[in-house]
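Fold and geometry: a report
The residues making up each chain are set out below.
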Amino acid sequence: MENYKKAYIAGGCFWGMEDLFRNRKGIIDTEVGYQGGENDNPTYENHPGHAEGIELTYDPALTSFKEILDYFFRIHNPTTIDRQGNDRGSSYRSTIFIQNEEEQEIAKEIIKIVNESGKWEAPIVTTLEPFDTFWPAESYHQDYLVKNPGGYTCHFERFGSFI
């Protein structure tokens, strides 16, 4: 585990993002939770300002932060503020939680590439927020679409790779 890294992203309802990332090459583990908000120990019923996010544990020998972000921008709509599909509110914002300067530079580079690709008709509104505490969501949210295969998701692959 010591060679693994973690990435923190939010792009709408955490169920759909987790379901798509879980089978990506190099992704070792996924956990959904809350991040970037106003209170400690948030819950689904009380998470003011928190995004529904995902913690990705990955093997950098098999995938990179850049590849993770490339996929992130292919599976959700990064051009809508506080909205994904039917979900609305700051919980559903598009955000990359930045842990260090290297991630900041990679995120800016990928956003530039995605914007210049013209694949999305509007500009990217994904925010870059400093990493703070990741609060795991309740157990019934973990692996939700595995447990409930007919459950709601608005996440799907829209494009091929940007990089």
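Residues numbered from 1 in each chain as written. Predicted model: local features only at pLDDT ≥ 70, side-chain atom pairs only at ≥ 80, totals over all residues. Heavy atoms only, no water.

**Focus: the packing of helix α1 (residues 14-21) against helix α2 (residues 65-75)**
In plain terms, the rule: Only the contacting stretch of a helix is used when fitting its axis, a line to C-alpha atoms as for every element, and angles between N-to-C directions run 0 to 180 degrees. Every helix listed is a DSSP run of H or I at least four residues long, and every strand listed is a run of E at least two residues long, numbered separately from the N terminus. Working definition: roughly parallel below 35 degrees, roughly antiparallel above 145 degrees, roughly perpendicular at 65 to 115 degrees, and oblique for all remaining angles. By convention the crossing between two helices is left-handed if the near helix lies anticlockwise of the far one by an angle smaller than a right angle, and right-handed if it lies clockwise. It only takes one pair of heavy atoms within 4.5 Å for two residues to be counted as in contact.
Taken N-terminus to C-terminus, the directions of α1 and α2 make an angle of 130°; their axes are 11 Å apart at the nearest point. As the angle between them shows, α1 and α2 are arranged oblique. For the pair α1 and α2, the sense of crossing is right-handed. Across from M17, L20 and F21 in α1, the residues of α2 making contact are I68, Y71, F72 and I75.

**Here's the deal with the sheet that holds strand β1 (residues 5-11)**
Note on sheets: strands pair through backbone hydrogen bonds, and any given pair is parallel or antiparallel. Spelled out, the test is: For two strands to be treated as a pair, DSSP must find at least two bridges joining them.
Ordered in space as β7-β6-β1-β3-β2-β8, the six strands form an open sheet in which the pairing is mixed. Single-partner strands in this sheet number two, and they are β7 (127-130) and β8 (135-136). Summarising the sheet, β1 and strand β3 (residues 51-58) pair through six bridges and their orientation is antiparallel. From the neighbouring strand, Y8 faces β3, where its bridge partner is E55.

**Things to note about the pairing of strand β6 (residues 94-98)**
As a reminder, the rule being used: Between buried and exposed lies partly exposed: a residue is buried under 20% and exposed over 50% of the maximum accessible area for its type, with that area taken using a 1.4 Å probe on protein chains only. Here the term right-handed applies to a crossover when the path leading from its first strand over the helix to its second strand runs clockwise, the strands being oriented away from the viewer.
With five of its five residues buried, β6 lies for the most part within the structure. Burial along β6 is two-sided: S94, I96 and I98 and T95 and F97, pointing in opposite directions, are all buried. With four bridges joining them, β1 and β6 adopt antiparallel strand pairing. Along β6, the bridge assignment pairs G11 with S94. Note that β6 and β7 share four bridges and pair parallel. By the bridge assignment, I96 is partnered in β7 with L128. Read as a crossover between parallel neighbours, the route from β6 over helix α3 (residues 101-117) to β7 is right-handed.

**Examining the packing of aromatic side chains**
Rule in force here: Each Phe, Tyr or Trp ring (for Trp, its six-membered ring) is paired with any other whose centre lies within 6.5 Å, and the angle between the two planes then decides the class: stacked below 30 degrees, edge-to-face above 60, tilted in between.
Taken as a whole, this structure holds eight aromatic pairs when the rule is applied. Between the aromatic rings of Y8 and F131, the centroid separation amounts to 4.5 Å while the plane-to-plane angle is 40°, which identifies the pairing as tilted. Of this pair, Y8 sits in strand β1 while F131 sits in the loop between β7 and β8, and the two are 123 residues apart along the sequence. Pairing F21 with Y71 gives two aromatic rings, centres 5.2 Å apart and planes at 85°, and the pair type is edge-to-face. Of this pair, F21 sits in helix α1 while Y71 sits in helix α2, and the two are 50 residues apart along the sequence.

**A few points about the nonpolar core**
Note the cut-off: Working definition of a nonpolar core: buried Ala, Val, Leu, Ile, Met, Phe, Trp, Tyr and Cys residues. They are joined through side-chain atoms within 4.5 Å.
Core analysis: the biggest nonpolar cluster contains 25 residues, and I9, F21, L56, L69, F72, F73 and I96 have the highest contact counts within it. Elements with a minimum of two residues in this core: β1, α1, β3, α2, β6 and α3. When residues in this core are grouped by element, the largest group, seven residues, is from α2. Each residue touching L69, except ones within four places of it in the same chain, is listed here: I9, I96, I106, A107 and I110.

**Overview of the pattern of salt bridges**
Short version of the rule: Salt bridge, as used here, is a side-chain nitrogen of Lys or Arg placed within 4 Å of a carboxyl oxygen of Asp or Glu.
Applying the stated criterion across every chain, the model contains nine salt bridges. Here E109 and K66 are joined by a salt bridge, their closest N and O atoms 2.8 Å apart. Placement of E109 in helix α3 and of K66 in helix α2 is noted, with a sequence separation of 43 residues between them. Between K112 and E116 there is a salt bridge, with its nearest N and O atoms 2.8 Å apart. Of the two residues, K112 and E116 both sit in helix α3, four residues apart, roughly one turn of that helix. The class of E116 is exposed, set by a relative accessible area of 58%. Through salt bridges with shared partners, a single ionic network connects E18, D19, R22 and D143.

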